[in-house]
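# Report on the structure
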Amino acid sequence: MLKGIKGFFQEEHGLNLRAREILRYIGPGILVTVGFIDPGNWAANLAAGAEYGYKLLWMVTLSTIMLIVLQHNVAHLGIVTGRCLSEAATEYLRPLVSRTVLFSAITAAVATGMAEILGAAIALQMLFHVPLKIGALLTGIGCSWMLWANSYKRLEKWIMGFVSIIGAAFLFELSLVNIEWSEAAIGWVTPVIPDGAMLVVMSVLGAVVMPHNLFLHSEVIQSRQWNLEDDVVIKRQLKYEFADTLFSMCIGWAINSAMILVAAAVFFSNQVSVDELEQAEIMLRPLLGNAAAVVFAIALLFAGISSTVTAGMAGGSIFAGIFREPYDIKDRHSWMGVAITYGLAVAAIFFIESPFQGLVYSQMFLSIQLPWTIFLQIYLTSSTKVMGKYANTGLQQIVLWGIGLIVSVLNMMLLWDFIK
C-alpha cells in the first residue's frame, strides 16, 4: 500500500517536472503567433466574414496547418545551426541569390510593419481621436523604444500578456453574438472559393503564413539555445519546440477564426458590407453595444503594438543576417534593420488613400513573396551541408514542397483573377 502511494506521488512529481520543463520552452511560438493576429489579419478576416460568412474559415484551418509545418521546420534550422534563416542564406547561397531573396524579405517586413503600425494608429483614432498619421508616428516611436529598452525575456512576457488580452477580447465578443456553429463546422473543413473571393482568400493566406515570421522564428528560438554539441540537448529542444509551436499556432487559429465568426454573425447576417476597420467598430455599437466597440478597439490596439514590435525584430534580424550577424538591438546592423522597417512603413502610411485597402493589399503582397521564403527554407533545411543528420527526410521534403506548390498555385490563381 505504502509503495503504491509512494509510486503515485513519484509519478505525479515526474509529471510536474515535465510540465515545468515544457513551460521553459513556451515563448518563441507566442511571438510568432502575434504576427498572424495582427491588424492585417483583422482586415482580411473581417472582409472574409462580412462578405462570405463562414465559407472561408477553411482557409484559416489550411493556413494554420501549413504554418505549423513551416514554423516547426524553420525553428529546427535555428536550433541545429545556431543561425537564423537570414544568416544561413548569406552563408550558404551565392551573394546575388541570397541578397535578392533577403531584400525581398525586408520589403515584406516593411509591408507587415505598415499593416501593423496602421492598425495601432486606427485603434488610437477610435479610442482617443488621434489623427491617423500622428498615431502612426507615435506607434513607430513607441515600439522602437520598447525594442531598445527591453531585454528579449521582458519583451516575451509583454507579448504573452498582450495575446492574452486579445484572446479575452474575442471571447467577450463571441459571447455577445449568435454563431451558426453547424455552418462554421462545415466552413472550417470544406474548401470553397466563391466568385470574386480570390483577393480575400489570398489576403487570409498572407495574413496567417507570413514570410517575416519564418525569419523571426529561426532567430527567437535561439533564446532557448544552450548547447549545439550535445545531441541529447538538441533532441530535447526539437521536441519541446514542437509543443511550443503547436500550442501557440492553435491559439492563433482560434483568434483568427473568432474574427471571421464575429464578422459573419454580425455583418454578413445583417448584410452589412465592411471596407474599413473604423466602420467595423462604428457598426458594432448599434448591433452589439458600446462595450463591444470599445473592446474591439482595445484589442486592435494591443494587436497593433505587439505585432509592430515583432515586425521590427524580424526586419532587424533579416538585415543583420545579411552581414552574418545575429539579431542584437544594440548592434548597428540590427538597429538599422528596425529603422528601415519602421521608417518605410510609416512613410507608406502617409501616402495611402484607404487604410483598410492598405491592410488587405499588404497581406496580398506577403503571400506573393512567401514562396521565395518557403523555397529558401526548404533548400537550407534539406541540405546535409547545413543541417547535418538533422536535414529533412524524404517525406518531410515532399510535405514542404507540397506546401510551397500550394502557395504558388494560389498566387497564380490570384494573378489570373486580376487579369480576367
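Residues numbered from 1 in each chain as written. Predicted model: local features only at pLDDT ≥ 70, side-chain atom pairs only at ≥ 80, totals over all residues. Heavy atoms only, no water.

### Comments concerning the overall build of the protein chain
Within the protein chain, the secondary structure is distributed over 18 helices and 0 strands. Scaling as 2.2 N^0.38, a compact globule of 420 residues should have a C-alpha radius of gyration of about 22 Å, and the protein chain matches this with 21 Å. With respect to the principal axes defined by its C-alpha atoms, the protein chain has extents near 70 × 60 × 45 Å. Within the protein chain, the fraction of its 420 residues that count as buried is 58%. (Helix = DSSP H or I, 4+ residues; strand = E, 2+ residues; numbered from the N terminus. Rg over C-alpha atoms; globule rule 2.2 N^0.38 Å. Buried < 20%, exposed > 50% of the residue type's maximum accessible area, 1.4 Å probe, protein only.)

### A short note on the side chain of D244
By the secondary structure assignment, D244 is in helix α12 (residues 231-268). If we skip the residues at most four places from it in the chain, D244 touches Y25, I26, G27, P28, G29 and I30. (Contact = heavy atoms within 4.5 Å.)

### Notes on the environment of F162
By the secondary structure assignment, F162 is in helix α8 (residues 152-176). Sequence spacing of F162 and P95 is 67 residues, and the spatial spacing of their C-alpha atoms is 39 Å.

### Some thoughts on helix α15 (residues 332-349)
Under the 1.5 Å per step criterion, the end-to-end length of α15 is 26 Å for 18 residues, consistent within 8% with the ideal 26 Å. Residues of α15 that are buried include every one of H333, S334, G337, V338, T341, Y342, A345, V346 and I349, and no others. Here the buried face of α15 lies against α6 (95-128), α7 (132-149) and α14 (290-322). You can read the cap of α15 off the contacts: a side-chain oxygen lies 3.1 Å from the backbone nitrogen of H333, and it is on D331. (Expected span 1.5 Å × (residues − 1). Polar contact = N/O pair within 3.5 Å; in protein donor to acceptor, adjacent residues only side chain to side chain.)

### Observations regarding the nonpolar core
Across soluble globular proteins, you tend to see nonpolar side chains buried next to one another. The biggest cluster of nonpolar side chains holds 135 residues, and the ones touching the most others in it are W42, L147, F267 and M313. Element by element, the count of residues in this core is highest for α6, at 16 residues. (Core = buried A, V, L, I, M, F, W, Y, C linked by side-chain atoms within 4.5 Å.)

### Remarks on a nonpolar patch on the surface
A contiguous nonpolar patch, built from I134, L137, L138, I141, F350 and F351 and spanning about 630 Å² of accessible area, is present on the exposed surface. With respect to the helices and strands, L138 occurs in helix α7. (Patch = residues over 30% accessible without salt bridge, like charges linked within 9 Å, V, L, I, M, F, W, Y side chains within 5 Å. Areas by Shrake-Rupley, 256 points an atom, 1.4 Å probe, with all protein chains shown as cover. Salt bridge = Lys/Arg side-chain N within 4 Å of Asp/Glu carboxyl O.)

### What to know about the packing of aromatic side chains
Under the defined criterion, the tally for this structure stands at 9 aromatic pairs. Aromatic side chains W42 and F170 sit 5.1 Å apart centroid to centroid with 65° between the ring planes, which places their arrangement in the edge-to-face category. Taken together, the residues span a long stretch of sequence, with W42 in helix α3 (residues 39-52) and F170 in helix α8 at a distance of 128 residues. F170 carries the same exposure label as W42, and that label is buried. Cluster of aromatic residues (ring-pair linked, three or more members): W42, F170 and F296. Of note, K239 hangs over the ring of Y240, and the distance from its end group to the ring centre comes to 4.9 Å. Above the face of the W148 ring, K330 is positioned so that its terminal group lies 3.8 Å from the ring centre. (Phe/Tyr/Trp six-rings, centres within 6.5 Å; stacked < 30°, edge-to-face > 60°. Lys NZ or Arg CZ within 6 Å of the ring centre and 35° of its normal.)

### Observations regarding the environment of V208
Following the sequence through the fold, V208 ends up in helix α10 (residues 198-208). Remark: the alpha-carbon pair of V208 and M59, spanning 149 residues in sequence, is separated by 9.3 Å. Residue contacts for V208: discarding those within four places in its chain leaves F36, N41, S63, T64, L67 and N256.

### Focus: helix α9 (residues 181-189)
Residues of α9 that are buried include every one of A184, G187 and W188, and no others. Here the buried residues of α9 occupy an arc of 100° about the axis, which is enough to place them on one side. Turned more than 90 degrees off the buried face of α9, the exposed positions are S182, I186 and V189. Summarising the contacts, the buried residues of α9 are in contact with α4 (57-81) and α12. (Arc of directions from axis to C-beta.)

### Structural notes on the environment of L277
For L277, the position within the fold is in helix α13 (residues 277-288). Spatially, the C-alpha atom of L277 lies 8.3 Å from that of P355, the residues being 78 residues apart in sequence.

### A short note on the confidence of the model for the protein chain
Scored by pLDDT, the protein chain has a mean of 88; 90% of the residues are at 70 or more. Element-level pLDDT for the protein chain is lowest in helix α1 (residues 2-25), with a mean of 54, against a maximum mean of 98 in helix α5 (residues 85-92). Contacts from residues 8-15, a stretch scored under 50 in pLDDT, to residues over four places away or in other chains number 1 contact. (pLDDT = per-residue confidence, 0-100.)

### A look at the packing of α5 against helix α11 (residues 211-220)
Their axes nearest at 7 Å, the elements α5 and α11 cross at an angle of 95°. When the interaxial angle is binned, α5 and α11 end up roughly perpendicular. The residues of α11 that touch α5, namely those facing L85, S86 and E87, are L214, F215, S218 and E219. Looking at side-chain class alone, the contact of α5 with α11 contains 3 nonpolar, 2 polar and 2 charged residues. (Axes fitted to C-alpha atoms, helices over the stretch in contact; angles between N-to-C directions. Parallel < 35°, antiparallel > 145°, perpendicular 65-115°, else oblique. Nonpolar A, V, L, I, M, F, W, Y, C, P; charged D, E, K, R; others polar.)

### Some thoughts on the packing of α11 against α14
How two helices pack is summed up by the angle between their axes together with the distance between the axes. The geometry of α11 relative to α14 is characterised by a closest axis approach of 9 Å and an angle of 80° between their N-to-C directions. Here α11 lies roughly perpendicular to α14, going by the angle between them. Along its contact with α11, which presents H212, F215, L216, E219 and V220, the element α14 presents T310, A311, M313, A314, S317 and I318. Per-class residue counts for the contact of α11 with α14 are 7 nonpolar, 3 polar and 1 charged.

### Comments concerning unusual backbone geometry
Despite not being glycine, H129 has its phi angle at roughly 60°, a positive value. Take H129: it is sitting in the loop between α6 and α7. Under the relative-accessibility criterion, H129 is labelled exposed at 67%.

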